[in-house]
Amino acid sequence: MLRELSRRPGRCLALLGLLYAAALALFIYGFLLTRVHLDQRNPDPPWAPPGSGGESGAAAARPQAPYDRVVWLMIDALRYDMVVADGRYMCSPQQAVCHQGHMPFLSALARRQDAARAFMFVSDAPTTTTQRLKALATGGLPSFFDISNSFTAGAVSDDNLMDQLAAAGKHMAFLGDTTWGQLFPRQWAWSRPYPCFNVKDLHTVDDGVWEHLLPALRAPNGSSDAANASLPAWDGLLVAHYLGVDHCGHSHGVGSEEMADKLRQMDGHVRQVVGALLDQAGPGGAHQRTLLLVSGDHGQTLGGDHGGGSPEEVDSALVAVDMGALHEAGGLLEHSTESGRNAVAPIEVFVAAPAACRTRCDCGVERNQCMPDLPQTDLTPTLAALLGVPMPFGNLGKLSAELWQLTATRDSASSGSSSGPAGKEWQSGLAGAVLANARQVQRYLLTYAATSGASFSRAATAHLEALYAVAVAPTADVASQIASCYAYLAAAAEVARQQWTQFNEPAMLAGLSLFAAALALHAAVARHSWSGGSSAPGSGRGSVSSSVTEQLVARVGRWRLPVPTLRACLAKAALAHCLGIFSFFYLLNEGKTVCGLVAAACLALALATARAARAAGQPLRKVVVLGVMALRCNAMMAVLGVAHHTGQGFWARLTVHDPQPEGDVERGWHGKLARMKDIGGMVLARAGVYRLPPAALVVGQHVLLCTLPLVALALLTDRLQRGGKRGGLQRLLALAAFASVAAYQHAEDAAARGLLPQGTSLAQLVGAHLWPLLPGELAARAHALTSTVVAPVLAAWPEAGVLGGRLVALPLSTLLPHATYAVGGAAAVLWVAQVAARQLRGAAAATAAAQLLLAAVLQVSDRQAPLILLLALLEVAAIARLLARRARLLPSAAGVGGEAGVLLALVAAQLFYATGHLCEFAGLQYTAGFIGSEDFHLLRSASLMALNTFGGFALALLALPAVVQYAVEDAGEGAAAGAAGGGGDAAAAAAGTGTTKGKRSPAKRGRGKGGGSAASPQTSALRAALLTAGLVRAAAAFCAALSAGVQRRHLYAWALFAPRFAFEACFLAVADLLLAGTAALAA
């Protein structure tokens, strides 16, 4: 059976792919559980009389809600240090512009202890907007466990704050991000939603929010002026969700001028909002009892990414302002940040993390913050209590004592004393609210534990019941009761987190067992293809490398060094790549580590080739040159392309928080390309062209670093197919696609440098920028020639003029990418037709497909991609030549396929990291989904992002047939030469290669004819290569799944190990599809 499977690698890989898919499905079913959702609603008010035993106390008079309205300005992806610069985070020296200090008004407002409170607003992973809004509305514990709903924006079915406000008769409104309307479609009295996915659009959403925000604040009871008569009244909650900061981070990075401008704009908006609220915050004013919240929903890395669980992603800022208290304190006048006439009693006796740390700047786990932490889930019950509505039924957050204390500043200001009735009422109100909070959490946990499929340990249940009994026990000591309630709420949240992490371990074990069985079958088939799949001499018994090694050791025994075989070195490199997935620190630096493993494999190949050449009496110069070439290309890819993991702060947080690492994920001209710019500048300076105008230098840098590598890629990939059966039209279309990519990159760089206006069309480029550069006589001749050519076409086909006018009027940023897609699509259609007609097969078909894929990948990648991919092509070329040279010097080339498979599988992983990607959701390059369009379309944008993410990985695997063909054919020439010279050993074969130089070998003459013994070595080697490459990727996926399962309770399981498993599963799917398709092309 193994022989039959190894002879049909396409069917074998398809069968193994199905087994792997089934195994992954089983494992995922047990690993990513969905929490049980309860449809119940909490009917109890957010207050229970102290000493009531936790009962609602319907007979007691309910106190008035502290606030009538909440205005929530949510600035998406607002980092903590954009508001508070306290040493928790530091600007990186690599940043072109420091992102701190651009919101002076909000920063000053955060320090106003007489009317405001500020916090580090800490979220859970995943740090995506949809999941954050769900957590803020429900108070539930968000996690990857509910990953099926993490990135969808369907209506929230759980009890939530919006439902409770609507049931209480509040008329809510939101402006901005349309996600609010998707999550809560029926709760809003009115809204002004805007699409949220176009990350290149920095202003449309923000400008739309601002257009309606001030009129809504100035007329909360309905607009009376004609311009805003469409804005109805609102009360309860008004949300204004800005997206510009988030989009700016994705498009330009945090350390950019665009980000600084956007932060200053947001700071100006906050200032004007505060002014508008203060105008009506006096006694009897509409906003006297209004709470202003300014917050982010999550943070972002220096590269503008988010989605994971690193400190930069989960840490945001929250500033809460009591408008009545601010008005009483004198409005926007400066006040002491430590104490004032409106200070109230301290709350150290109630809360484990006292607010006194603000003055010492030793808040937080690492004691280096000026603002204490506030988990996002704690805001939900706090807002419910402050607005006087029931807390959501499934809430697991605890009411914030500091935010509740903020209400006392207004009361003490009005009474003029903190020791009178107003100074005591807030303590009694806090006790009643936290009692209601404890009662709600206890009811939810008891209900959840009684549902099918959910269970709590008896010890945990008994512990919670004991804490709850103490919390609700009648007592006259208000401070003691508050402390007991907080102790219960903290314990309940911890027990709930443990409950949510209950895995279906039998399903996980079944999936891993099936995966292991499929992997063992895969390994057996791959080993058979290496050893028994070839009829070459010496391969019929055992491993080919064994006999080869014995000969080499006998001939180079004078070296007296125990040198491992090439196969052993490659096996160790692949094993290190797989087993490293279990290591936390390996994953943090995986990009550079994979580059190091590829370098080690290339070095082992070069040394093995050098040993064979020395044993055969051949010179080592070419081997040394090829080895150095591979290693230098590898090193440049690691330096220029590999991005640091955003989790550099993970392990630092486990010890002592150092200044923020410089090596965060940075892309664009402020990141890795900064080094490339320096290189380009040095080259231009050495050439003596630094005296040219700045625009010429900018263009020269781009040509050197982007255009020339792109042209080299186009010409080299075209040369690789010379002599094949590819049609001339397909070749022309492929080259046209590369030309379109080059033009697009030039236009985008010119627009980014200010040399071209944003949105310049082709007509504007030619008419306003290029045409005036022509001399008058030449311009006249060009105009006459254009008229001569175009006029007959327009006369015969008038519609062409209309179509042409529309095309030339499109912005270059839209026209050129669509030209690439259209031209590349046409070439792909021709490729499919040739493959279907069996005119293009094997390595030639795979190389043609790789060229078309390369053009598409370059179109959706950053501007450093051409240079990175050119270095990768040169590295693969050096590997192919080393394999070929070694195969010529050995008695048999039977092992070259397996060796090529291991090397190219590692190079595929290297290309993923070298193109600036990371195995985390924050490492996705979201801007790729908007290349060629300013709008978000699910299928198109997702396809472009997938192409950007996995394109480099796929290119390396598509190069496998060409590498194997080159190595085996070269070895065939060496064998033919040796036979002609009558030599039986490697030295005679090597000496005989010179006699047949320039002649086509029997292997070449028999290529593509599908028969004959000459094609057998190449076919066997390709089978071994495909099966081995698939084995390496499957082994990595198995280790990723096993690592995620074993470390499922690790501190950073959902921030690091689970995303790594998700990406490795995608790698396996891509590899199986490509390798099976390649095997079908070679059949």
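Taking an unreviewed UniProt entry as the reference, the protein is identified by name as GPI ethanolamine phosphate transferase 3 belonging to Micractinium conductrix. Under Subcellular location (unreviewed entry), UniProt gives the following word-for-word description of the protein: "Endoplasmic reticulum membrane". In UniProt, the protein has this text filed under Sequence similarities (unreviewed entry): "Belongs to the PIGG/PIGN/PIGO family. PIGO subfamily."

### Notes on helix H4 (residues 129-138)
Most of H4 sits inside the fold, with ten of its ten residues counted as buried. Those residues of H4 not exposed but buried are Thr129, Thr130, Gln131, Arg132, Leu133, Lys134, Ala135, Leu136, Ala137 and Thr138. Gly139 sits one or two residues past H4 and shows a positive phi near 75°.

### Regarding a nonpolar patch on the surface
A cluster of nonpolar side chains, namely Leu762, Val766, Leu770, Leu803, Leu807, Val808 and Leu810, defines an oily patch on the protein surface of about 490 Å² accessible area. Tracing the backbone through its elements, the reader meets Leu770 in helix H28 (residues 762-770).

### Here we look at the environment of Ala880
Take Ala880: it is sitting in helix H33 (residues 865-889). Each C-alpha atom, one on Ala880 and one on Val896, is 9.9 Å from the other, the two residues being 16 residues apart in sequence. Residues in contact with Ala880, not counting those within four places in the same chain, are Val963, Tyr966 and Ala967.

### Digging into the state of the cysteines
A full pass over the atoms with the stated rule returns three disulfides. Each sulfur in the disulfide pair Cys357 and Cys363 lies 1.8 Å from the other. The sign of the 95° torsion about the S-S bond sets the Cys357-Cys363 disulfide as right-handed. Across the pair, exposure class does not vary: Cys357 and Cys363 are buried alike. When the bonded cysteines of the protein are numbered from the N-terminus onward, they pair as 1-2, 3-5, 4-6. Considering cysteine sulfurs only, Cys602 is the nearest to Cys633, which forms no disulfide, with 9.5 Å between them. The exposure class of Cys633 is buried, given its relative accessible area of 7%.

### Overview of the UniProt feature "transmembrane region" (unreviewed entry) in the protein
Here, UniProt's "transmembrane region" (unreviewed entry) annotation points to residues 12-32, 594-611, 623-643, 695-716, 896-918, 938-960, 1024-1046 and 1061-1082. Note that residues 623-643 is 86% helix and 0% strand, and that its end C-alpha atoms are spaced 31 Å apart. Helix and strand shares over residues 1061-1082 are 100% and 0% respectively, and the end C-alpha atoms of the span are 31 Å apart.

### Structural notes on unusual backbone geometry
Most peptide bonds adopt trans geometry, and most residues besides glycine take a negative phi value. Despite not being glycine, Ala77 has its phi angle at roughly 65°, a positive value. Relative to the helices and strands, Ala77 resides in the loop between strand S1 (69-75) and helix H3 (104-110). You can call Ala77 buried: its relative accessible area is 0%. Unlike most non-glycine residues, Arg838 shows phi in positive territory, near 60°. Along the chain, the position of Arg838 falls in the loop between helix H31 (812-836) and helix H32 (842-859).

### Quick word on the side chain of Asp322
Looking at the secondary structure, you find Asp322 in strand S7 (residues 315-322). Within the structure, the side chain of Asp322 is placed 2.9 Å from the backbone nitrogen of Ala325, a separation counted as a polar contact.

### Comments concerning the pairing of strand S3 (residues 172-177)
Regular strands place side chains that alternate from one sheet face to the opposite one. With respect to burial, S3 is a largely interior element, six of its six residues being buried. Two elements, S3 and strand S4 (residues 188-194), share six bridges in a ladder whose sense is parallel. When the sheet's bridge partners are listed, Phe174 is paired in S4 with Ser191. In this structure, S3 lies alongside strand S5 (residues 236-242), joined through four bridges in parallel fashion. Directly across from Gly176, in S5, lies its bridge partner His241.

### With respect to the nonpolar core
Formed by 133 residues in total, the largest nonpolar core has its most connected members in Leu858, Leu883 and Leu960. Broken down by element, this core gets its largest block of residues, 17 residues, from helix H39 (residues 1016-1046). When residues no more than four places from it in sequence are discounted, the contact partners of Leu858 are Leu710, Leu713, Phe738, Val741, Gln745, Ala865, Pro866 and Leu869. Counting 72 residues, the second-largest nonpolar core is a separate cluster that includes Phe119, Trp188, Leu396 and Tyr486.

### A word on the environment of Gly285
Its location among the elements puts Gly285 in the loop between helix H9 (257-278) and strand S6 (290-295). A C-alpha to C-alpha distance of 9.0 Å links Gly285 and Gly324, two positions 39 residues apart in sequence.

### A closer look at the pairing of S5
Most of S5 is tucked away: seven of the seven residues are buried. As defined by bridge partners, S1 adjoins S5 across seven bridges and the pair is classed as parallel. By the bridge assignment for S5, Arg69 is matched with Gly236.

### Regarding the sheet that holds S4
Strands sit in the order S4-S3-S5-S1-S6-S7-S2-S8 across an open sheet of eight strands; the sheet is mixed. The outermost strands of the open sheet, each flanked by one partner alone, are S4 and strand S8 (373-375). Mean inter-strand twist for the sheet, computed between neighbouring axes without regard to direction, equals 20°. Across seven bridges, strand S2 (residues 116-122) lies against S7 in antiparallel orientation. Directly across from Met120, in S7, lies its bridge partner Ala317. Against the sheet, H4 contacts S1, S2, S3 and S5, and its axis sits at roughly 160° relative to S1.

### Observations concerning the confidence of the model for the protein
Across the protein, the average pLDDT comes to 80, with 78% of residues at 70 or higher. No element of the protein has a lower mean pLDDT than helix H37 (residues 986-992), which averages 35, and none a higher one than S1, which averages 97. Here residues 335-354 scores under 50 on pLDDT; set against residues more than four positions off or in separate chains, the count is 41 contacts. This model gives residues 647-672 a pLDDT under 50, and the stretch forms 80 contacts once residues within four places in sequence are excluded.

### Observations regarding the pattern of salt bridges
When charged atoms on two side chains of opposite charge get close, those side chains can pair. In the structure shown here, the tally under the stated rule is 21 salt bridges. Arg79 serves as the salt-bridge partner of Asp81, at 3.0 Å between the closest nitrogen and oxygen. When the shortest N-O distance is used, the salt bridge between Arg1060 and Glu590 registers 2.7 Å. Taken together, the residues span a long stretch of sequence, with Arg1060 in helix H40 (residues 1053-1082) and Glu590 in helix H22 (residues 590-615) at a distance of 470 residues.

### Notes on the packing of aromatic side chains
Summed over all chains, the structure comprises 18 aromatic pairs. Plain terms: the ring middles of Trp180 and Trp188 are 6.1 Å apart, the flat faces sit at 80° to each other, and that makes the pair edge-to-face. Accessibility expressed as a relative area gives 1% for Trp180, which makes it buried. An aromatic cluster of at least three residues, connected via ring pairs, comprises Phe912, Tyr913, Phe950, Phe953, Phe1063 and Phe1067. Taking NZ or CZ as reference, Arg69 lies 5.3 Å from the ring centre of Trp234, over its face. In this structure, Arg88 packs its charged tip against the face of Tyr89, placed 4.5 Å from the ring centre.

### Looking at the packing of helix H8 (residues 244-252) against H9
Running from amino to carboxyl end, H8 crosses H9 at an angle of 175°, the nearest separation of the two axes being 9 Å. Judged by the angle between their axes, H8 and H9 are roughly antiparallel. Where H8 approaches H9, its residues Gly244, Val245, Cys248, Gly249 and His252 are matched on the opposing element by Glu258, Met259, Lys262, Leu263 and Met266. Across the contact of H8 with H9, the residue classes tally to five nonpolar, three polar and two charged.

### Here we look at the side chain of His247
Here His247 lies in helix H8. Assessed through its relative accessible area of 1%, His247 is described here as buried. Once residues within four sequence positions are removed from consideration, His247 is found in contact with Cys196, Asn198, Val199, Asp201 and Leu202.

### Structural notes on helix H16 (residues 458-472)
With 15 residues, H16 extends 21 Å between its outermost C-alpha atoms, agreeing within 8% with the 21 Å of an ideal straight helix rising 1.5 Å per residue. Among all positions of H16, only Ala460, Leu464, Tyr468, Ala471 and Val472 are buried. Across the axial projection of H16, the buried residues extend over an arc of 85°, all falling on one side. Seen from the buried face of H16, the exposed residues on the opposite side, beyond 90 degrees, are Arg458, Ala459 and Val470.

Conventions and cut-offs
- Residues numbered from 1 in each chain as written.
- Predicted model: local features only at pLDDT ≥ 70, side-chain atom pairs only at ≥ 80, totals over all residues.
- Heavy atoms only, no water.
- UniProt positions renumbered as here; feature names shortened; annotations may be inferred.
- Buried < 20%, exposed > 50% of the residue type's maximum accessible area, 1.4 Å probe, protein only.
- Helix = DSSP H or I, 4+ residues; strand = E, 2+ residues; numbered from the N terminus.
- Patch = residues over 30% accessible without salt bridge, like charges linked within 9 Å, V, L, I, M, F, W, Y side chains within 5 Å.
- Areas by Shrake-Rupley, 256 points an atom, 1.4 Å probe, with all protein chains shown as cover.
- Salt bridge = Lys/Arg side-chain N within 4 Å of Asp/Glu carboxyl O.
- Contact = heavy atoms within 4.5 Å.
- Disulfide = S-S within 2.5 Å.
- Polar contact = N/O pair within 3.5 Å; in protein donor to acceptor, adjacent residues only side chain to side chain.
- Pairing = 2+ DSSP bridges.
- Core = buried A, V, L, I, M, F, W, Y, C linked by side-chain atoms within 4.5 Å.
- Axes fitted to C-alpha atoms, helices over the stretch in contact; angles between N-to-C directions.
- pLDDT = per-residue confidence, 0-100.
- Phe/Tyr/Trp six-rings, centres within 6.5 Å; stacked < 30°, edge-to-face > 60°.
- Lys NZ or Arg CZ within 6 Å of the ring centre and 35° of its normal.
- Parallel < 35°, antiparallel > 145°, perpendicular 65-115°, else oblique.
- Nonpolar A, V, L, I, M, F, W, Y, C, P; charged D, E, K, R; others polar.
- Expected span 1.5 Å × (residues − 1).
- Arc of directions from axis to C-beta.

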